[in-house]
Amino acid sequence: MSLALNDLLICCRQLEHDRATERRKEVEKFKRLIRDPETIQHLDRHSDSKQSKYLNWDAVFRFLQKYVQKETECLRTAKPSVSASTQATRQKKMQEISSLVKYFIKCANKRAPRLKCQELLNYIMDTVKDSFNGAVYGADCSNILLKDILSVRKYWCEISQQQWLELFSVYFNLYLKPPQDMNRVLVARIIHAVTKGCCLQTDGLNSKFLDFFSKAIQHARQEKSAAGLNHILAAFIIFLKTLAGNFRIRVCQLGDEILPTLLYIWTQHRLNDSLKEVIIELFQLQIYMHHPKGAKTQEKGAYESSKWQSILYNLYDLLINEISHIGSRGKYSSGSRNVAVKENLIELMADICHQVFNEDTRSLEISQSYTTTQREFNDYSVPCKKKKIELGWEVIKDHLQKSQSDFDLVPWLQITTQLISKYPSSLPNFELSSLLMILYQLLPQRRHGERTPYVLRCLMEVALCQGKKSNLEGSQKSDLLKLWSKIWSVTFRGISSEQIQAENFGLLGAIIQGSLIEVDREFWKLFTGSACRPSCPAVCCLTLAMNICLVPETVRTGVEQNVGEVNRNFSLKELIMKWLLLYQLEDDFEDSSELPPVLHSNFPHLAVEKILVSLTMKNCKAAMNFLQRVPECEQHQKDEEEPSFSEVEELFLKTTFDKMGFLTIVKESAVEKQQSTGGLSVHQNLKESLDRYLLGLSEQLLSNYSPETTDAETLIRCSSLLVGVLGCYCSVSVITEEEAYTSELFQKAKSLMQCAGESITLFKNKTHEESRIVSLRNMMNLCTSCLCNCMKPSPNKIASRFFLRLLTSKLMNDIADICRSLASFIRKPFDFGEVESMEDDTDDNLMEMEDQSSMNLFSESPAGSASDANVSGEGQSTIGAMNPLAEEHLSKQDLLFLDMLKFLCVCVTTAQTSTVSFRAADIRRKLLMLIDSSVLDPSKSLHLHMYLVLLKELPGEEYPLPMEEVVELLKPLSNVCSLYRRDQDVCKAVLNHIVHIVRNLCQGNMDAENTRDAQGQFLTVIGAFWHLAKEGKCTFSVRMALVKCLKTLLEADPYSKWAILNVMGKDFPVNEVFPHFLADNHHQVSMLAAESINSSITEIPLIPPVYK
């Protein structure tokens, strides 16, 4: 043992000395020793080696606990009645003991969490549960629990289900019956974190624990100040979302029980905005539970009860008053206030209006039980207050007419917009004309006022709603036509206002889409002159118009010229082209160097290109319809946000007799009818004009190009525009792909891309410049959006092939080299925080994980843990430990690296079906080198992200990876899963990403060594997860992901010739394992298994297997 550790050991033993003065002297020495660099280095190494015979941090912590016990015993046995100064001395002593424990934990865990989770938890729980210790140290221990345990991901994953439940019970009892001086907000935060951990890491919380929340909310009714109630309700929401799939009726019944209390708290207490936000979220969740997807009757899937109906009416009344109160505050407050109400309140009000509005009921008398006092609440003989409320569309129309204040009007415009948008059928036919008249009357007033965009959005939803109604009477259609004509005229005149241009074009597009009026020639002038510049809303509106209407050949314009005629007939199609490309009508315009918005703004993918090519065709409408016939592929659909509650609502509807479509066997024909281009022909003069404009644009960029000053994004946008136009030409059979490659447009696109590539080369030595990082991220996302690796033939697919051909070998290799550089340079966005003046530890070997790849996935030893990827959580605003996949762990360079990685993956995947200028195999090899065992450290958040990106993006669907590369890709999988096997979020992410590789496992020679190796690696991991699931060590969300993997395996190998899981030396064919999930104790998992089996039956070939 080193001298430093020997000194510490002697000091630790002296902490148990019987004399208080000796112990006090040793405490100062102890604090000095635990921050000594040499001591720290030895303790770290011994803790990491897991060798208990040497002094390590856990052993020191046990000595410290004995010291605390000795000091506490002295305090416990001391005389209770003493002088004030003696009492103050004791208080100071208690604070010093607590501070010492907190300081020691920070020293031990500063570089990585090295203290055992069980040791820490046992100390916390023993202290908090003891009546004397809890009173003395409870607050400090609770702080340690929240900041140093529950916010550390390693500990978060090591807490067992039983410990989570014990923490839940102990702290809820503390919240309900708090000791004197206990900080209830701190306790509530711990309950929030514990509930989150228990729900994300286990399936342990069940419906019996709902009683805790019910009691807490009832307690809040009695208190003037509901301390920590927002955290209690936030925890309650997490709990309800977890239970919803299995215990819908119980959750709905609890909602019926506690919502009146929350209504009382809302009306009788002065709530802050954050608490109101949480209560609104809880109300919304109960609406989803009772009325999935807006279902109004039990037959349609709603949960009905008389108590719930009463709550709905009371909630409706409360929200009307709240919205009125918000409007009043806005009118009479000093300074500027936003006239709009928050979207969550608007969505809740719209959902409630959908439920309570009834054509037969215009007013109703309701009982306001929630307004009674607590004494009255418990005395059932006291009658409830009664109130008459107004219902139906008359309420909305009255609110839209009775006030001229934007603060009163705008919230009701928001509600109307949301209600019609989400539930178009809720607007009766007979209300259309009157509502439209009111909105029309609001439109001309205060043209530039704050209400105007809200009126326009509301009108747009009404237009879309009317377009879906096919049963309107003739006289009503005539009245509506007159109104829409007036609205069209007002909207048309306001198009030049930039502040509301998006809303104006949205409304015009909706009117056109619904064929509510006949489009006149004046409309097309919008896209020919200076009334407005090309923008995303304008392009979307033009696309809709060209899909539905015939473009006139000419339109009379009033462009004044210095020489020549004042009024001259132009080809409308050519004018629109010039407008889109901002191509100047005259050569002597001074600002001819201005670039068109299409080169510096984001437009929907290929939207401008489709318009331009359609304009060159003799039948624009037919051409646009043809180009729009194929829906967007996955690559170009916007990534959806984290699913809120939609999947659970679908589950509720699937288990009603009203919607059982998932059991109906309907096999759609796999062969799509190809629409013929026989009727399409090009107008050669217009095509030549378009080519000339595009060449002029690209020449302007190239002639002004400078490596240091030219924006590379502009070059890529122009290059993408050129190949997009060529792709659309090929799609409508104007030219062949071979002709496109030799065209002047393609050559210009190549030149532009070569110039853009130079900015990548410049960045190789300037990876620290933030401005360049942002610019390069935009470039990578732009380039990725130009690629399409889906299998359906489309303009996207052709344009993608052209764009891929522009990418040079140098560009691709430069990006790959930057990736390698960025992967090796890990920059943490935040650190662990300082502990006094102690220097940072220089020992990088935070974990000694030898032979990780061969680690048993079923091992319960804590050896495999991603400790250094997790910060202590000090100062985090989030509740609980942060997910290793959270973006907060990544620096700006890391995000750029992941964008580049995805781009390269899509390139090499797509390149397998195209001729390219780079060696895709070389790039794939460079990508796979990133996950070599000498480089990959999956405990680092960036490397984990990197591996998941490669798993998802590298395996091609149309042309799979070579089998030897599949083997390389799967090599780290077992190690990653072993390292994170307790982290349910990461396990779910891994399973969702490896689905993509299954189709690669059944290619080529099934007896080849590489094939068997790849299949074996994959099936080992799946078998391990199945085993963990059987032992109850996987949450339902992980089991859902596992079911999807097994389903994909079944589709690839229906008869389980090779899809066989080997678990504990026994073989389990996947087709035998899969049906076991029908009996899963979670409803969502069993339903997914049922749907998967049903769909698989329709896809499995009926030819019996032939065994040799």
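Quick caveat, the model's predicted, so the values are computed rather than measured.

Cut-offs used in this document
Residues numbered from 1 in each chain as written. Predicted model: local features only at pLDDT ≥ 70, side-chain atom pairs only at ≥ 80, totals over all residues. Heavy atoms only, no water. Helix = DSSP H or I, 4+ residues; strand = E, 2+ residues; numbered from the N terminus. Buried < 20%, exposed > 50% of the residue type's maximum accessible area, 1.4 Å probe, protein only. Contact = heavy atoms within 4.5 Å. Areas by Shrake-Rupley, 256 points an atom, 1.4 Å probe, with all protein chains shown as cover. Phe/Tyr/Trp six-rings, centres within 6.5 Å; stacked < 30°, edge-to-face > 60°. Pairing = 2+ DSSP bridges. Expected span 1.5 Å × (residues − 1). Disulfide = S-S within 2.5 Å. Core = buried A, V, L, I, M, F, W, Y, C linked by side-chain atoms within 4.5 Å. Salt bridge = Lys/Arg side-chain N within 4 Å of Asp/Glu carboxyl O. pLDDT = per-residue confidence, 0-100. Axes fitted to C-alpha atoms, helices over the stretch in contact; angles between N-to-C directions. Left-handed = near helix turned anticlockwise from the far one by under 90°. Nonpolar A, V, L, I, M, F, W, Y, C, P; charged D, E, K, R; others polar. Polar contact = N/O pair within 3.5 Å; in protein donor to acceptor, adjacent residues only side chain to side chain. Parallel < 35°, antiparallel > 145°, perpendicular 65-115°, else oblique.

### Some words on the overall build of the protein chain
- The secondary structure content of the protein chain amounts to 46 helices and six strands.
- Counting only residues that meet the buried cut, the protein chain has 56% of its 1108 residues in that class.
- Here the contacts in the protein chain between residues at least 6 apart in sequence split such that 77% fall between residues at least 24 apart.
- Surface accessibility of the protein chain: about 49,900 Å² in total, with carbon and sulfur atoms responsible for 49%.

### Focus on the packing of aromatic side chains
- Counting across every chain of the model gives 27 aromatic pairs.
- Relative to phenylalanine 212, the ring of phenylalanine 209 has its centre 6.2 Å away and its plane inclined at 20°; by these criteria the two rings are stacked.
- For phenylalanine 209, a relative accessible area of 8% gives the class buried.
- Seen from their ring centres, tyrosine 741 and phenylalanine 746 are 5.3 Å apart, and the 85° between their planes marks the pair as edge-to-face. Accessibility assignment for this pair places tyrosine 741 and phenylalanine 746 in one class, buried.

### Points about the pairing of strand β5 (residues 1060-1063)
- Along β5, the buried face is formed by Leu1061 and Val1063; none of Ile1060 and Asn1062, which line the opposite face, is buried.
- Two strands pair when backbone bridges link them, and β5 and strand β6 (residues 1066-1069) are joined in this way by four bridges, in the antiparallel orientation. By the bridge assignment for β6, isoleucine 1060 is matched with proline 1069.
- Here β5 folds back onto β6, and the loop between the two strands holds two residues, one of which, methionine 1064, carries a positive phi near 55°.

### Remarks on helix α12 (residues 229-243)
- For α12, with 15 residues, the first-to-last C-alpha span of 21 Å sits near the 21 Å given by 1.5 Å per residue.
- Counting buried positions along α12 gives 12 out of 15 residues, so the element sits mostly inside the fold.
- Looking at the buried residues of α12, the elements they touch are α9 (161-176), α10 (184-201), α11 (210-222), α13 (248-268), α14 (273-290) and α44 (1036-1052).

### Some words on the environment of lysine 792
- For lysine 792, the position within the fold is in the loop between α34 (770-785) and α35 (795-806).
- Look at lysine 792 and you get partly exposed, because its relative accessible area is 42%.
- When the C-alpha atoms of lysine 792 and valine 630 are compared, they prove to be 8.2 Å apart, with 162 residues separating the residues in sequence.

### Quick word on the state of the cysteines
- If you walk through the whole model with that rule in mind, you get zero disulfides.
- The thiol of cysteine 532 is not disulfide-bonded; the next cysteine sulfur, from cysteine 541, is found 9.3 Å away.
- With relative accessibility at 5%, the residue cysteine 532 sits in the buried group.
- Sulfur of cysteine 1034: no disulfide; nearest cysteine sulfur belongs to cysteine 987 and is 6.3 Å away.
- A residue is classified by how much of its surface remains accessible, and cysteine 1034, at 7% relative accessible area, is buried.

### Let's talk about the environment of glutamine 51
- Here glutamine 51 shows up in the loop between α3 (37-49) and α4 (57-77).
- Looking at glutamine 51, the relative accessible area reads 35%, which means it is partly exposed.
- What glutamine 51 contacts, discounting residues up to four positions off in sequence, is His46 and Asn56.

### Concerning the nonpolar core
- Of all hydrophobic cores here, the largest spans 367 residues; its most connected members are Phe30, Tyr171, Tyr316, Trp484, Phe523 and Trp524.
- With sequence-adjacent residues up to four places away left out, tyrosine 316 is seen in contact with Met349, Ile352, Cys353, Val356, Phe357, Ile389, Glu390, Leu391 and Val395.

### Some details on the pattern of salt bridges
- One pass over the full model with this rule turns up 44 salt bridges.
- In this structure, the salt-bridge partner of glutamate 71 is arginine 23, at a minimum N-O distance of 2.8 Å. Within this pair, whereas glutamate 71 is found in helix α4, its partner arginine 23 is found in helix α2 (residues 20-33), the two being separated by 48 residues in sequence.
- A salt bridge links aspartate 937 to lysine 940; its shortest N-O distance comes to 2.7 Å.
- Residue class for lysine 940 comes out partly exposed when judged on its relative accessible area of 26%.
- Within the structure, one salt-bridge network assembled from shared partners comprises Asp44, Asp48, Arg111 and Arg114.

### Some points on the confidence of the model for the protein chain
- Averaged over every residue, the pLDDT of the protein chain is 83; residues scoring 70 or more account for 85%.
- Low confidence marks residues 860-864, where pLDDT is under 50. Its contacts with residues over four positions away, or in another chain, come to 14 contacts.
- Segment residues 1101-1108 is flagged for pLDDT under 50; beyond a separation of four residues in sequence, or across chains, it makes five contacts in the model.

### Topic: the packing of helix α27 (residues 607-615) against helix α28 (residues 620-627)
- Where α27 meets α28, the closest approach of the two axes is 8 Å, and the angle between their N-to-C directions is 145°. In the crossing of α27 with α28, the sense of the turn from one axis to the other is right-handed. Mapping the contact onto sequence places Lys610, Ile611, Ser614 and Leu615 in α27 and Cys620, Ala623, Met624 and Leu627 in α28.
- Residue classes in the contact of α27 with α28 are distributed as six nonpolar, one polar and one charged.

### Concerning unusual backbone geometry
- Positive phi is not limited to glycine here, since lysine 293 has a value of about 55°.
- When you line up the elements, lysine 293 lands in the loop between α14 and α15 (306-332).
- Backbone geometry places leucine 606, a non-glycine residue, at a positive phi of 65°.
- Along the chain, leucine 606 falls in the loop between α26 (572-580) and α27.
- On the basis of relative accessibility, which here comes to 3%, the residue leucine 606 falls in the buried class.

### Side note on the side chain of serine 698
- Within the secondary structure, serine 698 is located in helix α30 (residues 684-703).
- Only 2.9 Å separates the side chain of serine 698 from the backbone oxygen of leucine 695, close enough to count as a polar contact.
- Beyond its immediate chain neighbours, meaning those up to four positions away, serine 698 contacts Cys718, Leu722, Lys748 and Leu752.

### Comments concerning the environment of cysteine 788
- By secondary structure assignment, the location of cysteine 788 is in the loop between α34 and α35.
- Taking the C-alpha atoms as reference points, cysteine 788 and isoleucine 798, 10 residues apart in sequence, are found 8.7 Å from one another.

### Details of the packing of α11 against α12
- Where α11 contacts α12, the two axes come as close as 11 Å, and the packing angle between them is 150°. Judged by the angle between their axes, α11 and α12 are roughly antiparallel. Helix-helix and strand crossings are classified by hand; for α11 and α12 the assignment is left-handed. Of the residues in α12, those touching α11 at Leu210, Phe213, Ala216, Ile217 and Ala220 are Leu229, Ile232, Leu233, Ala235, Phe236, Phe239, Leu240 and Leu243.
- Taken together, the residues that form the contact of α11 with α12 break down as 13 nonpolar, no polar and no charged.

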